[in-house]
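# Residue-level structural notes
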Amino acid sequence: MDGSTPKKHVCIVGAGISGLRCADVLLSHGFEVTILEARDRIGGRICQSDQLGYTVDIGPNWIHAWTDDSKEPHPIYTLAMATNTPLHHWNNKQLIFDSNGNSLSAELTERLSTLVWQIIEMAFQQSEEAHLNGSSHTIPAEDSLYDFIRRKAEELVTNEKERGLLLQMSEMFGAYVGVPVWRQSLRFAWMEECCGGEEMFVSSNYSAILARAAKPALDSPNCHIQLNTLVTSVVTHKQRLPNQQVKISTATGSTLEFDEVIMTTPLGWLKKHHKSVFSPALPDRLTSAISSLSLSNLEKVFITFPIAFWSQQTTNSVPQNNPPGESASPCYMNWLTPSYPDSLPTNPNSWPQEIWDLSSFSPPNNYSTILFYLYGDCSKHIVKLIHNKSSAEKLALLKEFFKPYYSRLPGYDEERTECQPKAILATEWCMDELSGYGSYCNFQVGIEEADKDVLAFREGVPEKRLWFCGEHAAPFEECGTVAGAYLSGEAVARKVVDVYR
Ligand SMILES: Cc1cc2nc3c(=O)[nH]c(=O)nc-3n(C[C@H](O)[C@H](O)[C@H](O)COP(=O)(O)OP(=O)(O)OC[C@H]3O[C@@H](n4cnc5c(N)ncnc54)[C@H](O)[C@@H]3O)c2cc1C
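Residues numbered from 1 in each chain as written. Predicted model: local features only at pLDDT ≥ 70, side-chain atom pairs only at ≥ 80, totals over all residues. Heavy atoms only, no water.

Labelled according to an unreviewed UniProt entry, the chain appears under the name Protein flowering locus D, originating from Rhypophila decipiens.

Listed below in structure tokens is the structure:
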């Protein structure tokens, strides 16, 4: 736009990372921007809590580095570097417990876990090749990643017991995608390829990264951020004609008009509200994408102890010759299909449990905390258990559920107060209307055209001055991530800029 014409006014619905990045790009091209955000804060799913006595991320913690070196620098890694945000690179030591609660040997753990990832890589590759040569439809829509792993395990692992263990170990993929591995579509496994690459963990929290991403919007006189503003209706024209405006209504009864509207509201929110919010209705290609893409349920439970008793000693199953500066303890622990007398009363479905050891971070972020990731039905069960309960009740219920696992950590002693949880924090994303009652999008068995669904979001409805971005409209292999959401905001802003070029 040149300086002589009035600025075009764009509304961004939602001040998560995608909306903030979108605002940044639009502002730098001379647009006026209004961000309408329903919460009383910016950041959306990037969010922290002080409930443990120090600040932790209740949303994202990981930065999934690119698996493809030819890509541009990773935007979130770049922001982390620019803000001196400390990143943790995990050692690859693991402690795995079998369904009887006995730890596997280091040799077996290493061998099977390497093989699981190799098989998952094969699945990524097979589905990607099919995508690239246009033969995706030859992979049945009902085939899951787990089906693929099972077939490969039959082929590659002759020992029946080890094959069973490998299949149980493959369930850990659920914590990446937020649903059990048998729900993950094989046809679109390639769209999850960011899982399992070089993974860094933000060992402080995401707040500096968020603040840096938000700065252009917060500082600009051409950007107006309205918090506590829930958008309830979006009225567009049937076709793009000069000087039309899109009309937005909010829960407080105000009506606002804009030249363009960009929706960053999460997929789950669109699933629930698109029919009542958009008038006229969204085109079929979008309503079909909204119903076909799925939303996962990932929840986090942090348990803090007086000391990190588990890292004070190592077990026989953990190799002792550590490179200098590397923690002796395994950073990742997994309880496969727990079926112990003490776990079955609270976990009769034997949902596997896994933790990351946050005490292995460098000071000052090395708190004596373990972080459980829950997904699928297990996550819903835990949230249902604690929702609307008092803090004391929550603590008691969570201790009861997780004790069969943390009590099997090395160094645990029932009698020692150091081994009793000091504080527990459990997220409740599946109760959060503004995150769409879930964590992020994924591609589950049955989906026919996940790539086209994501493309439909990216294309938006330009003829109605209506656009979409967010993690569900991200570059294919970054869907569901902070980086993907950020890039989707950037991409949609560029499209709007192009309209006025
Ligand atoms: C538990 C959990 C763990 C995760 N872990 C990781 C990780 O380790 N690494 C990673 O890369 N990603 C992770 N993610 C995913 C990542 O958080 C998201 O992909 C990303 O933050 C989404 O950004 P967004 O801008 O698309 O959406 P959001 O951040 O959800 O922003 C959308 C905004 O719209 C607002 N809104 C909704 N409805 C309305 C309305 N009607 N009116 C006005 N405003 C509205 C919301 O309040 C919100 O602020 C995790 C997510 C969760 C929940």
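## Re the packing of aromatic side chains
Applying the stated criterion across every chain, the model contains 31 aromatic pairs. With centroids separated by 5.0 Å and ring planes inclined at 85°, the aromatic side chains of Trp62 and Phe201 adopt a geometry described as edge-to-face. Of this pair, Trp62 sits in strand 5 (residues 62–64) while Phe201 sits in strand 8 (residues 199–202), and the two are 139 residues apart along the sequence. Accessibility assignment for this pair places Trp62 and Phe201 in one class, buried. Ring plane angle 5° and centroid distance 5.3 Å describe the contact between Phe97 and Trp335, whose orientation is recorded as stacked. One end of the pair, Phe97, is in strand 7 (residues 94–97); the other, Trp335, is in strand 17 (residues 332–335), and 238 residues separate them in sequence. Owing to a relative accessible area of 3%, Phe97 belongs among the buried residues under this scheme. Exposure remark for Trp335: the relative accessible area of 0% places this residue in the buried category. Taking NZ or CZ as reference, Arg408 lies 3.9 Å from the ring centre of Tyr340, over its face. (Phe/Tyr/Trp six-rings, centres within 6.5 Å; stacked < 30°, edge-to-face > 60°. Helix = DSSP H or I, 4+ residues; strand = E, 2+ residues; numbered from the N terminus. Buried < 20%, exposed > 50% of the residue type's maximum accessible area, 1.4 Å probe, protein only. Lys NZ or Arg CZ within 6 Å of the ring centre and 35° of its normal.)

## Concerning the sheet that holds strand 20 (residues 423–426)
Across the sheet, which stays open at both edges, the six strands sit in the order 7-17-18-19-16-20 with mixed pairing between neighbours. A single partner strand is all that each edge strand has here, and the edge strands are strand 7 and strand 20. Across the sheet, the mean angle from the axis of one strand to that of its neighbour is 15°, orientation sign disregarded. The pairing of strand 16 (residues 298–304) with strand 19 (residues 369–375) spans seven bridges and is antiparallel. By the bridge assignment for strand 19, Glu299 is matched with Leu374. Packed on one face of the sheet, helix 11 (residues 391–406) meets strand 16, strand 17, strand 18 (353–357), strand 19 and strand 20 and runs near 95° to strand 20. (Pairing = 2+ DSSP bridges. Axes fitted to C-alpha atoms, helices over the stretch in contact; angles between N-to-C directions. Contact = heavy atoms within 4.5 Å.)

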